[in-house]
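One-letter residues, chain by chain:
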Amino acid sequence: MPGIFDPYTGLYTPAQLRRTCQYMQEEMQRSLRLLRKPGQPRLYYLSYLFRNHRRETIWGRLGAVHEHTIQSQNSVFCDVRVGSYRYDNVSEGGLHDNSDKEESYDYLSMPAECEHDAVKYALWRLTDARYREAAEQFYQRRSRELHFVDSNREQASKVAREPVVDLRAKRFPELDVPYWKHLIRKAGAIVKKFPAIKTSWVDFTAQHRQTLLVNSEGSQQIRQHAVFELRAHLWLLGRDGKVVLQEVNLIEGDLDDLPGERDFLRLIQERIQLLHTLDKAPHIHAYSGPVLLSPGAAGLFFHEVVGHRLEGSRLLSTEEGATFRDLRGKMIAPEFVDIVDDPTVSAFGGRKMTGHFQYDDEGSVAKRAVLVERGVLKSFLTTSAPLPGQRALNGHARNAYHERPISRMGNLFVVNHKPVDEAQMRERFLEEIRRQKKRYGIWVKDTLGGETGTTSYDFQAFKGEIMVATRVFPDGREELVRGVDFVGTPLSALDALVCMGSDDRLENAWCGAESGTLPVSTVAPSALLRNLELQAKRRERLTQYSMPLPYER
């Protein structure tokens, strides 16, 4: 089995990275010199963002490895901007500059081998197509202004930045593939003792990404990033035909942060036990009242409620709801809350943060961004495009593949200036249930993911998918429940925040938006809300299988 530096399906060595950077620099200078067409808008900025991405996955179930795949992809995002820093071809914050129907999409692929002419040919073909597309975008923007007022016409399109040269690189350590195959077999075999679980799988994925950036402002950068995932999927079909799902989803930036064999197997067994308990748990159809969010659920809450709405690229689009556009300098959260996005922090609590980066995908130096301070909205996340009412830029432009980089979260920190310990948090939760004379409150202990809508056409709402929750009665009794997710609207949800705990926890995750799916991290403590709404999940009932499982005793 090839190692992670295999010549055709692997990563580039540090020497190959620097050599590729040199080829990119040469072709960029050639394009800047020759790419001029009389009567066409002037090319004023050019950059190449090269990615060498390797993904290795070991997937199995019931004690056997089913798949061991290695995928490697070399690609380049080419940013061609025509016009001037004052006014260019990028409109609507670049949110819609992500079509896979453009001609240039067919030319993103780069050769596996670091060969001079092959690399430069690929760059030439891509750059030529991107130039023609940029010119078309420029004229479309001008044409639109004949009919519609461009509210951002007075804003500069881009800010020139000081060049940053950083060509440091190192070799990643090799993977212990036999160990991960052993773990997948052993974890998968546990399920055979539990015939109610009809579907299951376990997998390990290692993603390594090396990024090169060169641009016409003089920046040259090498970046390296790794994300490791260890997951298990457990699907139980109850006697009544109702499905109960549990997932283990561990995402880390360092292999050493993943649990060892004994701890992972114990975690699988605990989730199987939980599945059987949930199978007997009552369904809730709907709920509105006090909700206690665990640190992980609170992190998801802030990510969906605030994070996407503070991405400044959205302020430049007429199609966005822009919930917080006119609230800079005003209270949007309780005074004990700070919200900060700081991608420069590499670790928290001894674990690596996968949302960490030194430079964004436009080559800007990443900076700590104080978004909310003592409940007051201070700023938004930015790219190299200035925002209305905000001069300072903080280097948060990110993309995954062919999409234009837009402002995205990296490491989101929710800071609590009035921490409440665990016992106090529980007592305040019970007090709130009694004060509102509710039959019970909901304690959300684990979530699976979330989503939110930010466009002006959609409802300004968010949703969090609940995996484990209990209802807590006024006397303190707890009972597992199932069948609901939390939902709400951002301003009312923030207004309902009562207090937060002292139990800050890191959650690494993936976040999808217009510029692709990216690794992010969130650090938050538990949070108590006086009111949050829960809505029913989809409730299909399935017929039982016609035959028992082949290993069922």
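Take the overall build of the protein chain next. Tallying secondary structure elements over the protein chain gives seven helices and 24 strands in all. In terms of overall size, the protein chain behaves like a compact globule, its C-alpha atoms giving a radius of gyration of 25 Å where 553 residues would be expected to give roughly 24 Å. Looking at the protein chain as a whole, 54% of its 553 residues qualify as buried. Restricting the contact set of the protein chain to residue pairs at least 6 apart, pairs at least 24 apart contribute 78%. Here the protein chain has roughly 24600 Å² of accessible surface; of this, 50% comes from carbon and sulfur atoms. Distance between charge centroids for the protein chain: 2 Å, based on 77 positive and 74 negative side chains.

Per the stated rule, a full pass over the model turns up 36 salt bridges. The partner of D446 in a salt bridge is R271, and the shortest N-O contact between them spans 3.0 Å. Remark: R271 occurs in helix α4 (residues 261–279) and D446 occurs in strand β17 (residues 441–452); sequence separation between them is 175 residues. A cluster of three or more residues bridged by salt bridges with shared partners is formed by D79, R81, D88, D97 and R404.

What follows concerns helix α2 (residues 116–144). If you check α2, its first and last C-alpha atoms are 42 Å apart, about what 29 residues at 1.5 Å a residue would give, namely 42 Å. Two or three places before D117, at the opening of α2, E115 has a side-chain oxygen 3.1 Å from that residue's backbone nitrogen.

Tallied over the entire structure, the rule returns 12 aromatic pairs. Summarising the aromatic geometry, the rings of Y179 and W180 are spaced 4.8 Å apart at their centres and angled 75° between planes, so their arrangement reads as edge-to-face. Exposure remark for Y179: the relative accessible area of 25% places this residue in the partly exposed category. By relative accessible area, which is 6% here, W180 ends up buried. A ring pair is formed by F301 and F302, whose centres lie 5.2 Å apart and whose planes are at 90°; its orientation type is edge-to-face. Overall, the relative accessible area of 1% leaves F302 in the buried class.

This part is about unusual backbone geometry. The bulk of non-glycine residues show a negative phi, and the bulk of peptide bonds are trans. The backbone of R374 sits at a positive phi, close to 50°, despite the residue not being glycine. Positionally, R374 belongs in the loop between β11 (369–373) and β12 (376–377). Relative accessible area serves as the criterion here: at 40%, R374 is assigned to the partly exposed category. Unusually for a residue other than glycine, K437 sits at a positive phi of about 55°.

Between its terminal C-alpha atoms helix α1 (residues 14–34) stretches 31 Å, which fits the 30 Å expected from 21 residues at 1.5 Å a residue. Each element contacted by the buried residues of α1 is listed here: β1 (43–61), α2, β4 (197–215) and β5 (220–237).

A few words on the pairing of strand β21 (residues 497–501). Burial within β21 is extensive, with five of its five residues counted as buried. By the bridge criterion, two bridges tie strand β16 (residues 419–420) to β21 in an arrangement that is parallel. From the neighbouring strand, P419 faces β21, where its bridge partner is M500. Where β21 meets strand β24 (residues 527–536), three bridges bridge the pair, whose relative direction is antiparallel. Note on β24: the bridge partner recorded for M500 is A527.

This part covers the nonpolar core. Membership of the largest hydrophobic core comes to 54 residues, with the highest contact counts inside it found for L293, F301, F302, I442 and F486. With seven residues, helix α5 (residues 295–307) is the single largest residue contributor to this core. Within the second largest apolar cluster, 37 residues are counted, among which are F5, F172, L236 and L278.

Let us now look at the environment of R538. Mapped onto the elements, R538 comes out in the segment after β24. Taking the C-alpha atoms as reference, R538 lies 29 Å from K437; in sequence the two are 101 residues apart.

Attention shifts here to a negative patch on the surface. Together, D421, E422, D503 and D504 make up a region of like negative charge exposed at the surface. Looking at where D421 falls in the secondary structure, it is placed in the loop between β16 and α6 (422–435).

Next up on the list: the pairing of strand β23 (residues 516–524). Most of β23 sits inside the fold, with eight of its nine residues counted as buried. Inspection of the sheet shows strand β15 (residues 411–416) paired to β23 by three bridges, in the parallel sense. The partner of F413 across the bridge, within β23, is V523. Connecting strand β22 (residues 505–513) to the antiparallel partner β23 that follows it, the hairpin turn spans two residues.

Below, the discussion takes up the side chain of R223. With respect to the helices and strands, R223 occurs in strand β5. Looking at R223, its side chain comes within polar contact range of the main-chain oxygen of D360, at 2.9 Å. Those residues in contact with R223 that sit more than four places away from it in its chain are L49, R209, Q210, T211, L213, Y359, D360, D361 and G363.

Taken as a whole, this structure holds zero disulfides when the rule is applied. The closest cysteine sulfur to the non-disulfide-bonded C114 is located on C21, 11 Å from its own sulfur. On the basis of relative accessibility, which here comes to 12%, the residue C114 falls in the buried class.

About the criteria used
- Residues numbered from 1 in each chain as written.
- Predicted model: local features only at pLDDT ≥ 70, side-chain atom pairs only at ≥ 80, totals over all residues.
- Heavy atoms only, no water.
- Helix = DSSP H or I, 4+ residues; strand = E, 2+ residues; numbered from the N terminus.
- Rg over C-alpha atoms; globule rule 2.2 N^0.38 Å.
- Buried < 20%, exposed > 50% of the residue type's maximum accessible area, 1.4 Å probe, protein only.
- Contact = heavy atoms within 4.5 Å.
- Areas by Shrake-Rupley, 256 points an atom, 1.4 Å probe, with all protein chains shown as cover.
- Lys, Arg positive; Asp, Glu negative; His and termini not counted.
- Charge placed at Lys NZ, Arg CZ, Asp CG, Glu CD.
- Salt bridge = Lys/Arg side-chain N within 4 Å of Asp/Glu carboxyl O.
- Expected span 1.5 Å × (residues − 1).
- Polar contact = N/O pair within 3.5 Å; in protein donor to acceptor, adjacent residues only side chain to side chain.
- Phe/Tyr/Trp six-rings, centres within 6.5 Å; stacked < 30°, edge-to-face > 60°.
- Pairing = 2+ DSSP bridges.
- Core = buried A, V, L, I, M, F, W, Y, C linked by side-chain atoms within 4.5 Å.
- Patch = residues over 30% accessible without salt bridge, like charges linked within 9 Å, V, L, I, M, F, W, Y side chains within 5 Å.
- Disulfide = S-S within 2.5 Å.

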